[in-house]
Amino acid sequence: MAERLNDRRIAALPVPTLEQRQRDYWDETLRGFGVRVSYGGKRAFVVRYRVNRRLRRLTLGPYPGLSLADARRKAREVLGDVARGDDPAQDKQERRDAETFRGLATSYLEVAEKRHRSWKEEKRIIDKDLLPELGFRLLVDIRRRDVRELVEAIARKRNAPIMANRTLGVLSRMFNFALD
């Protein structure tokens, strides 16, 4: 059932029964764009597309937290990405599954304890300098600029250029460990 979606229609969409659990309502003007209504009455904008003959669905955001105009704009962007050969739902899943810096630090220290005599010093550097700054960031989001700014802050603000160099060495070993 496709119809032109607007705020009034979205608010008036019927809530599905417990057996149905959720129901999709598609927009007739933008193919693949719609609203999913769940049993609890929550509404969310979705976009549906095909990649390699596989039907995929990506949730854009909740209604009314995301306006209809913004949702349509996002849906056009997603469909444009699909036309260029990307799979936005797969990218979102990979990002969700990506490891954080804190997880890398834990894995690295488990191995470093067995390999290095200086693992206690590395643990101290990680706990004191690295985890407060990078702990909850995803590894894929950490850039060279972030590392440079962190090392420069240690060298300049604390007037500790040797410690900055050691911190850079620990970071280098950690990222090489992550690549392995």
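Residues numbered from 1 in each chain as written. Predicted model: local features only at pLDDT ≥ 70, side-chain atom pairs only at ≥ 80, totals over all residues. Heavy atoms only, no water.

Chemist: Please explain the packing of aromatic side chains as it appears in this structure.
Modeler: The geometry of an aromatic ring pair is captured by two quantities: the separation of the ring centres and the angle between the planes. Under the definition given, this model contains four aromatic pairs. With a centroid separation of 5.6 Å and 90° between ring planes, the pair formed by Phe45 and Tyr63 is classed as edge-to-face. Of this pair, Phe45 sits in strand S4 (residues 43-51) while Tyr63 sits in strand S5 (residues 54-63), and the two are 18 residues apart along the sequence. Summarising the burial analysis for this pair, Phe45 and Tyr63 share the class buried. Linked through ring pairs, Phe33, Phe45 and Tyr63 together constitute an aromatic cluster. The ring of Trp26 has Arg48 lying over it, and the distance from NZ or CZ to the ring centre is 4.2 Å. (Phe/Tyr/Trp six-rings, centres within 6.5 Å; stacked < 30°, edge-to-face > 60°. Helix = DSSP H or I, 4+ residues; strand = E, 2+ residues; numbered from the N terminus. Buried < 20%, exposed > 50% of the residue type's maximum accessible area, 1.4 Å probe, protein only. Lys NZ or Arg CZ within 6 Å of the ring centre and 35° of its normal.)

Chemist: Teacher, can you tell me more about the pairing of strand S2 (residues 22-27) here?
Modeler: Two faces, one strand: in a regular strand the side chains alternate between the faces of the sheet. Note: S2 against strand S3 (residues 33-38), five bridges, orientation antiparallel. Residue pairing across strands places Arg23 opposite Val37, the latter belonging to S3. (Pairing = 2+ DSSP bridges.)

Chemist: What am I meant to see in the environment of Arg117 here?
Modeler: Following the sequence through the fold, Arg117 ends up in the loop between helix H4 (101-115) and helix H5 (119-134). As for Arg117 and Gly135, which are separated by 18 residues in sequence, their C-alpha atoms are 24 Å apart.

Chemist: Got a minute to help me understand the environment of Lys42 in this structure?
Modeler: Relative to the elements of secondary structure, Lys42 occurs in the loop between S3 and S4. Along the sequence, Lys42 and Val15 sit 27 residues apart, while their C-alpha atoms lie 8.5 Å from each other. With residues near it in sequence (within four places) discarded, Lys42 still touches Arg36 and Val37. (Contact = heavy atoms within 4.5 Å.)

Chemist: Explanation requested: the pairing of S3 in the structure shown.
Modeler: Two successive antiparallel strands, S2 and S3, enclose a turn made up of five residues, where Gly32 displays a positive phi of approximately 95°. A loop of four residues connects S3 with S4, the two strands running antiparallel in sequence, and Gly41 in this loop sits at a positive phi of about 95°.

Chemist: Help me understand H4 in this model?
Modeler: In an α-helix, one turn spans 3.6 residues; hence positions three or four apart end up facing the same way. With 15 residues, H4 should cover 21 Å at 1.5 Å per step; its first-to-last C-alpha distance of 20 Å lies within 8% of that length. Restricting attention to buried positions, one finds in H4 the residues Phe101, Leu104, Ala105, Tyr108, Leu109 and Ala112. If you follow the buried residues of H4, they end up packed against H5 and helix H7 (161-179). (Expected span 1.5 Å × (residues − 1).)

In short, geometric facts, not functional conclusions.
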